[in-house]
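Architecture and fold: a report
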Amino acid sequence: MSTTQPIRDKEALNAFKNYYQTAQPNMRNYTIIIVGLNTALRINDILHLTYDMVYHNKKVRKYIVVKEQKTGKENRILLNDEVHITLSKYHRVLVHTEMYQNGNPYLFPSPRQKESPLSRFQAYRMICAAAEAVGITEHISCHSLRKTFGYRAWKQGKDPVVIMLIFNHSSFSVTKRYLCIEQDDKDAVFRDIKI
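Attention here is on the structure that accompanies the text.

Some words on the side chain of T4
Mapped onto the elements, T4 comes out in the segment before α1 (10-23). Side-chain polar atoms of T4 contact the side chain of S141, separated by 2.9 Å.

Points about helix α2 (residues 27-39)
If you check α2, its first and last C-alpha atoms are 18 Å apart, about what 13 residues at 1.5 Å a residue would give, namely 18 Å. Burial analysis of α2 places 11 of its 13 residues in the buried class, the great majority of the element. By the burial criterion, the buried members of α2 are N29, Y30, T31, I32, I33, I34, V35, G36, L37, N38 and T39. For α2, the elements touching its buried residues are α1, α3 (43-47), β4 (74-78), α5 (81-94), α7 (120-133) and α8 (143-155). Of the residues that open α2, the one with a side-chain oxygen 3.1 Å from the backbone nitrogen of R28 is N26. One or two residues past the end of α2 sits A40, with phi positive at roughly 65 degrees.

Comments concerning helix α10 (residues 172-179)
Of all the residues in α10, the buried ones are T175, Y178 and L179. Down the axis of α10, the smallest arc covering the buried residues is 95 degrees, so these residues share one side. Against α8 and α9 (160-167) lie the buried residues of α10. One or two steps after α10, the chain reaches C180, where phi turns positive at roughly 50 degrees.

Notes on the layout of surface pockets
Taken as a whole, the largest pocket encloses approximately 550 Å³ of empty space. Lining the largest pocket are 22 residues, and of these L37, N38, T39, N80 and F149 lie nearest its centre. Of all the elements in the fold, those that place two or more residues in the lining of the largest pocket are α1, α2, β4, α8 and α9.

A word on the pattern of salt bridges
All chains considered together, the criterion is met by 2 salt bridges. Taking the shortest distance from any N to any O, the salt bridge between E82 and K17 comes out at 3.0 Å. Pair noted here: E82 is in helix α5 and K17 is in helix α1, with a separation of 65 residues, a long-range link. On the basis of relative accessible area, K17 is assigned to the buried category, the value being 16%. Salt-bridge contacts for R42 lead to E68; the nearest nitrogen and oxygen are separated by 3.3 Å. Placement of the pair is R42 in the loop between α2 and α3 and E68 in the loop between β3 (63-67) and β4, with a sequence separation of 26 residues. Taken as a pair, R42 and E68 share a single burial class, namely buried.

Observations concerning the environment of H139
Counting through the fold element by element, H139 comes out in the loop between α7 and α8. Residues H139 and K59, 80 residues apart in the sequence, show an inter-C-alpha distance of 36 Å.

Describing the nonpolar core
Of all hydrophobic cores here, the largest spans 41 residues; its most connected members are F16, Y55, L87, L107 and I127. Elements with a contribution of two residues or more to this core: α1, α2, α3, α4 (51-54), β3, α5 and α7. The dominant element in this core, judged by the number of residues it contributes, is α2, at 6 residues. Among all residues touching L107, those that are not within four sequence positions of it are L49, T50, Y51, V54, Y55, L87, Y90 and L94. Core analysis: the next-biggest nonpolar cluster, separate from the first, contains 7 residues, A40, I163, Y178 and L179 among them.

Conventions used here
- Residues numbered from 1 in each chain as written.
- Predicted model: local features only at pLDDT ≥ 70, side-chain atom pairs only at ≥ 80, totals over all residues.
- Heavy atoms only, no water.
- Helix = DSSP H or I, 4+ residues; strand = E, 2+ residues; numbered from the N terminus.
- Polar contact = N/O pair within 3.5 Å; in protein donor to acceptor, adjacent residues only side chain to side chain.
- Expected span 1.5 Å × (residues − 1).
- Buried < 20%, exposed > 50% of the residue type's maximum accessible area, 1.4 Å probe, protein only.
- Contact = heavy atoms within 4.5 Å.
- Arc of directions from axis to C-beta.
- 1 Å grid on protein atoms, 1.4 Å probe; cavity = no way out; pocket = protein on both sides within 12 Å on 5 of 7 lines; lining within 4 Å.
- Points joined across faces, edges and corners; volume = space filled by probe spheres on them.
- Salt bridge = Lys/Arg side-chain N within 4 Å of Asp/Glu carboxyl O.
- Core = buried A, V, L, I, M, F, W, Y, C linked by side-chain atoms within 4.5 Å.

Take a look at the structure:
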């Protein structure tokens, strides 16, 4: 079984990000991808976000506070401009859905099960479909959103120790595996170093 990969190529990442906005418009799917790429949350934590965790008085909160299902640790996450804008647009769609109007509390409600979030399997299918449609050949899964966040943060020069704290990893060795540093990344350091 191959390891889940981040989306490394910037053009492929942009095509993937925008697939459900332009090629196959679906605001829910687009929002899941944007939230996943920008918050570093695991897919189960994303799917278990509730309306009240994200919105207050019909407006997007500045921060969300999530108790991670896997670790039990609390994580306070600033919602950046891209997430904020996307969640504002999504709100206008969400409040008109039958699930929301029937009292489903989840941000991404299941269309079939009352008071349940969208299933992890459905999220997986949606993410894989977008990746395949834009020609990404690496092994992509729901976890690719989280790994892409770490990889892009590292490539933009963010401190790996801070990335470790964001991921709530217990050791830096776990974070290093998440960053999926490849030979071409190492080659670039050797090529560009000025001593």
